[in-house]
Amino acid sequence: MLSYVSLPSPPLAPINHLLLILLFITTTAITIIAAMGKLLALSVCFCFLVLGASSISFRQQPEENACQFQRLNAQRPDNRIESEGGYIETWNPNNQEFECAGVALSRLVLRRNALRRPFYSNAPQEIFIQQGRGYFGLIFPGCPSTYEEPAQQGRRHQSQRPPRRFQGQDQSQQQQDSHQKVHRFDEGDLIAVPTGVAFWMYNDHDTDVVAVSLTDTNNNDNQLDQFPRRFNLAGNHEQEFLRYQQQSRRRSLPYSPYSPQTQPKQEDREFSPRGQHGRRERAGQEQENEGGNIFSGFTPEFLAQAFQVDDRQILQNLRGENESDEQGAIVTVRGGLRILSPDRKRRQQYERPDEEEEYDEDEYEYDEEERQQDRRRGRGSRGSGNGIEETICTASFKKNIGRNRSPDIYNPQAGSLKTANELNLLILRWLGLSAEYGNLYRNALFVPHYNTNAHSIIYALRGRAHVQVVDSNGDRVFDEELQEGHVLVVPQNFAVAGKSQSENFEYVAFKTDSRPSIANLAGENSFIDNLPEEVVANSYGLPREQARQLKNNNPFKFFVPPSEQSLRAVA
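Source: prediction; values computed, not measured.

A. Representation of the sheet that holds strand S10 (residues 189-193) within the structure. Strand order in the open sheet made by the 7 strands is S1-S2-S3-S12-S5-S10-S17, with antiparallel pairing throughout. Edge positions in the open sheet fall to strand S1 (79-83) and strand S17 (398-400), since each of these has one partner strand only. Going from strand to strand, the sheet's axes swing by 20° on average, the running direction of each strand aside. As judged from the 5 bridges shared by S1 and strand S2 (residues 86-90), these two strands associate in the antiparallel manner. Within S2, the position partnered with Ile-81 by the bridge is Ile-88.

Right, dumping it as structure tokens:
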């Protein structure tokens, strides 16, 4: 709103007229600037409001009609990539069920002394350890190396790192090893892996490690296309989902001079079983046979300067040039891997993991000596560190939800349920994911229910169960037996119920929200139970007594024990 200054009627000196004109101009300018400031402030507030609202939503919307189903199918893996130390199986992410949920699934098997070489992904992952024990590592950019080899006698504390060895220096002047934290995993653990964070796994026991991984490609952290990508950091091997990516390139990627659509056709570019690029002529020059990891794409000159090494073999191995076809993504470590890890009795000793005493890192308590060491490293004081070290770098990334743990829901005749969400594993709030482990006894039932805010991806760990899923039209879109190793995607708000057909039916359900809400349709504290009797009676056309039975006959919350007829049939 503009302000006007009335000029006085008596004649004024020219200087006074000039002052009044300047005053008018100044007042008008101030008013305009103030008005613009308010608009700017409102705009800034609106932007923050929009950004704040968008930060709450972790997921992008699936494509139109992606969640329109006439029938759901239990999915099984349809591709296996063999490696020296194990294999990786994948489910086709192009299936409609996975496209609706915006996820991809794979299963990793590590044999004794097998190492899953480091990689990172374009979307967050949840990894459930179905079987086995071992070690894993997460490499967070910017976080310090807090695991260090013992200092040699006469050397200052290892946090005072000795100078690096440059070209021409004595080989004996090499520094001791240090690295970021190494975690132990056990059967039943759920591991959270954020987007772009490098991850590796190692099996130090005779029992094979079986790990089921869900990748949330619809997560807002993924700003590439809606396809799972593994950015391998070592080796020369095929990506887990490369086969499916090639199938969907034409329909999923827009035209770009850098898109795969403009790459040479199949007849111009040959791929070996391990994904090696064949040699081909370009502009009269023969292109090098490069490996399939990130370093493969950089020239040796760049890598030599970046790592300050001039050894040709180091550079070739870094680029995956000396790989055999058998090695793949999982290599066998001859003689076992040596890892630094805490040990109460032999603290800070360098030892093999299979000789290590059992411990739970979540319950491991530091003594006063370790606290002093942490303070010297800058971890034990609020006044030191950069803030990131004290949050992300020391966060917990795993939680055990498997058997032999205190469950969240338990019925000694029916089964148990254990959940991991943002309330008990904070990192899941960042990822926008959660999971639950269920164990259902023979002929027991989990009641019809639905997830109000998440898709549920059910992976059958052991046993089998008869599962029914109902859509918004009241149609059964799934009414089959779910067997071990199969996956069933239950879309958001679709109702599901299951009855165990084996002695134990064990499953893990990955959820696409960090704090999923379950609405039970039957049993105590369910939808029916919380309706007034009159509403139940008139909604279903029942007499008052029958409405009361419908409301109150089932005293169980989630798991319903076998009926007497079922128990007699088993006997």
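From this point, things continue past the structure.
B. The arrangement of the packing of aromatic side chains in detail. A full pass over the atoms with the stated rule returns 15 aromatic pairs. A centroid spacing of 6.5 Å and a plane angle of 40° characterise the contact between Phe-136 and Phe-185, whose relative ring orientation is tilted. Of the two residues, Phe-136 is situated in strand S6 (residues 134-139) and Phe-185 in strand S9 (residues 182-185); the sequence distance between them amounts to 49 residues. Note on accessibility: Phe-136 and Phe-185 belong to one class, buried. Aromatic rings pair up to connect Phe-446, Phe-505, Tyr-507, Phe-558 and Phe-559 into one cluster.

C. Structural context of the pattern of salt bridges. Taken as a whole and judged by the stated rule, the model has 30 salt bridges. Where Glu-480 meets Arg-71, a salt bridge forms, and the shortest distance between an N and an O atom there is 2.1 Å. Of this pair, Glu-480 sits in strand S24 (residues 476-483) while Arg-71 is found in the loop between helix H1 (14-56) and S1, placing the two residues 409 residues apart along the sequence. Residue classification places Glu-480 among the partly exposed positions, given a relative accessible area of 28%. On the accessibility criterion, Arg-71 (47% relative accessible area) is partly exposed. Close ionic contact of Glu-506 with Arg-462 constitutes a salt bridge, the shortest N to O distance being 3.1 Å. You can see Glu-506 sitting in strand S27 (residues 504-511) and its partner Arg-462 sitting in strand S22 (residues 456-462), a full 44 residues away along the chain. For Glu-506, a relative accessible area of 3% puts it in the buried group. Among the ionic contacts, a cluster of salt bridges with common partners joins Glu-533, Glu-534, Arg-544, Glu-545 and Arg-548.

Here is what the cut-offs are and how they apply
- Residues numbered from 1 in each chain as written.
- Predicted model: local features only at pLDDT ≥ 70, side-chain atom pairs only at ≥ 80, totals over all residues.
- Heavy atoms only, no water.
- Pairing = 2+ DSSP bridges.
- Helix = DSSP H or I, 4+ residues; strand = E, 2+ residues; numbered from the N terminus.
- Axes fitted to C-alpha atoms, helices over the stretch in contact; angles between N-to-C directions.
- Phe/Tyr/Trp six-rings, centres within 6.5 Å; stacked < 30°, edge-to-face > 60°.
- Buried < 20%, exposed > 50% of the residue type's maximum accessible area, 1.4 Å probe, protein only.
- Salt bridge = Lys/Arg side-chain N within 4 Å of Asp/Glu carboxyl O.

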